[in-house]
2 protein chains.
Amino acid sequence: MTSTLGFAILAVLARGERTGYDIAASMRRPLSYFWTAGHSQIHTELQKLLAEGLVSYETEAGPGPQDKKIYRLTGEGTAALRGWITDPPRERPERDELVLKTYAAALADPAALRRLFADQLAKHEARLAEYEREEEAIGGPPGFGDPRWGNYAALRCGLGYERHRAEWCRWMLDQLSESL
Amino acid sequence: MTSTLGFAILAVLARGERTGYDIAASMRRPLSYFWTAGHSQIHTELQKLLAEGLVSYETEAGPGPQDKKIYRLTGEGTAALRGWITDPPRERPERDELVLKTYAAALADPAALRRLFADQLAKHEARLAEYEREEEAIGGPPGFGDPRWGNYAALRCGLGYERHRAEWCRWMLDQLSESL
DNA sequence: CGGAACTATGTCAGTTCTGACATAGTGTCC
DNA sequence: GGACACTATGTCAGAACTGACATAGTTCCG
């Protein structure tokens, strides 16, 4: 029973061999906008994947007291990942602290609420600008089959999300200014 | 140190007194689209909130072996909730299994991917239709101060989210049909 | 009249995730 | 020459969450 985190690691390794450190770096907040994990989680998960035979590694001399371990997918690992991709996703519960705050907002100070949503809007706009730069760098959808297609499709989702979110924040600020 | 779940419960109790069961019902998947919790989590959290003096309860004869407990906010509870609303939200990690699958999609069978995204699109369209019915039922933004304002604002976020998501699914299906 | 669904409480084991602690070499900046 | 960041591994305690188990009265449908 590989967890979703396990498949996230397999998905990263499908792009090429990596150390645990590399995987952690690519799944670090807030860099990765669709899956995050700390290095402690990744090291323990890699040990499970190894026990299940989904990954293997080669050692190299590393900086610390332990050797560096370079992980790669096994044939079994690739097959497991391929099968999982088209399995229906198990529904993760929506848990959105900002919307929860909004739900209870009638109790709060309107001026503080305006600050809250202005901050959020700024964050979403900054991330949107960053994604737009990334989109420009790719320059349009690569063909399906190109591994960068996955990056582009995920980026596309992020763009839509940030636009939706920014628009909602603007609507909120609009509502709040009407209550003056 | 009240957890976000604790504040979610306080936010529900701000609408009126409830039993643990009622709170669980209003936070049940997939009904609540911005915070979910099982009843087991809620009962333990209510005990913590009680120990902190943020909620109180009165007993009434209940159906089961235990008495029914009707919870309400204390003055301290209301104050804690009010303060929390305008605190900056602590960033919850984005974890999106569907986008993760998309990221690795180059490995998968395109026909199965089309089925996956067609299913997801149908789900988002169904939820969108439901939210649109709810919006019509409210009939436009209530004034700020009206407790239903919170419901409307949260609904508004849900509407935007489902639209963004459905559009992305449509784009994905478009991309996948091009790869025939 | 039996069975299912609903109301209502709670426990518990197991999984997942977070954040701190621990170790250690190399390179960079002041 | 010292401080800090980066590379690289790992452990561990505790919080948060899930899903099953346990109990028991009422109400509704067939």
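Residues numbered from 1 in each chain as written. Chains lettered and ligands numbered in written order. Predicted model: local features only at pLDDT ≥ 70, side-chain atom pairs only at ≥ 80, totals over all residues. Heavy atoms only, no water.

**Observations regarding the pairing of strand 3 (residues 68-73) of chain A**
All names here are of chain A. Relative to strand 3, strand 1 (residues 18-19) is paired through two bridges, and the arrangement is antiparallel. Residue pairing in the sheet places arginine 18 in a bridge with tyrosine 71 of strand 3. Sheet analysis places strand 2 (residues 55-60) next to strand 3, joined by six bridges and oriented antiparallel. Counterpart to glutamate 60 in the pairing with strand 3 is lysine 68. (Pairing = 2+ DSSP bridges. Helix = DSSP H or I, 4+ residues; strand = E, 2+ residues; numbered from the N terminus.)

**Points about the protein's contact with DNA strand D**
The environment of DNA strand D is made up of 23 residues, and the closest members are Tyr21, His39, Lys68 and Lys69 of chain A together with Ser40 of chain B. By atom count, sugar and phosphate contribute 65% of the portion of DNA strand D lying within 4 Å of the protein. In this structure, tyrosine 21 of chain A approaches DNA strand D through a main-chain N or O atom, which is 2.5 Å from a phosphate oxygen. Taking glutamine 66 of chain A, its side chain carries an N or O atom lying 3.4 Å from a base oxygen of DNA strand D. Residue assignment for the surface near DNA strand D shows that the elements contributing at least two residues are helix 2 (20-26), helix 3 (39-51) and strand 3 of chain A together with helix 3 (39-51) of chain B. By residue number, the principal contributor to the surface near DNA strand D is helix 3 of chain A, which donates four residues. Considered class by class, the residues forming the surface near DNA strand D number five nonpolar, eleven polar and seven charged. (Near = heavy atom within 4 Å. Polar contact = N/O pair within 3.5 Å; in protein donor to acceptor, adjacent residues only side chain to side chain. Nonpolar A, V, L, I, M, F, W, Y, C, P; charged D, E, K, R; others polar.)

**Quick look at the packing of helix 1 (residues 4-13) of chain A against helix 4 (residues 75-85) of chain A**
Residues and elements named next belong to chain A. At their nearest, the axes of helix 1 and helix 4 sit 10 Å apart, and the two run at 115° to each other. Our classification of the angle between helix 1 and helix 4 gives roughly perpendicular. Like other packed secondary-structure pairs, helix 1 and helix 4 cross with a definite hand, here left-handed. In contact with Thr4, Phe7, Leu10 and Ala11 of helix 1, helix 4 contributes Gly77, Ala80, Leu81 and Trp84. Its residues assigned to classes, the contact of helix 1 with helix 4 shows six nonpolar, two polar and no charged. (Axes fitted to C-alpha atoms, helices over the stretch in contact; angles between N-to-C directions. Parallel < 35°, antiparallel > 145°, perpendicular 65-115°, else oblique. Left-handed = near helix turned anticlockwise from the far one by under 90°. Contact = heavy atoms within 4.5 Å.)

**Focus: the domain arrangement of chain A**
Structurally, chain A comprises domain 1 (4-85) and domain 2 (97-178). The centre of domain 1 of chain A, based on its C-alpha atoms, is set 29 Å off from the matching centre of domain 2 of chain A. (Domains from an automatic or database assignment.)

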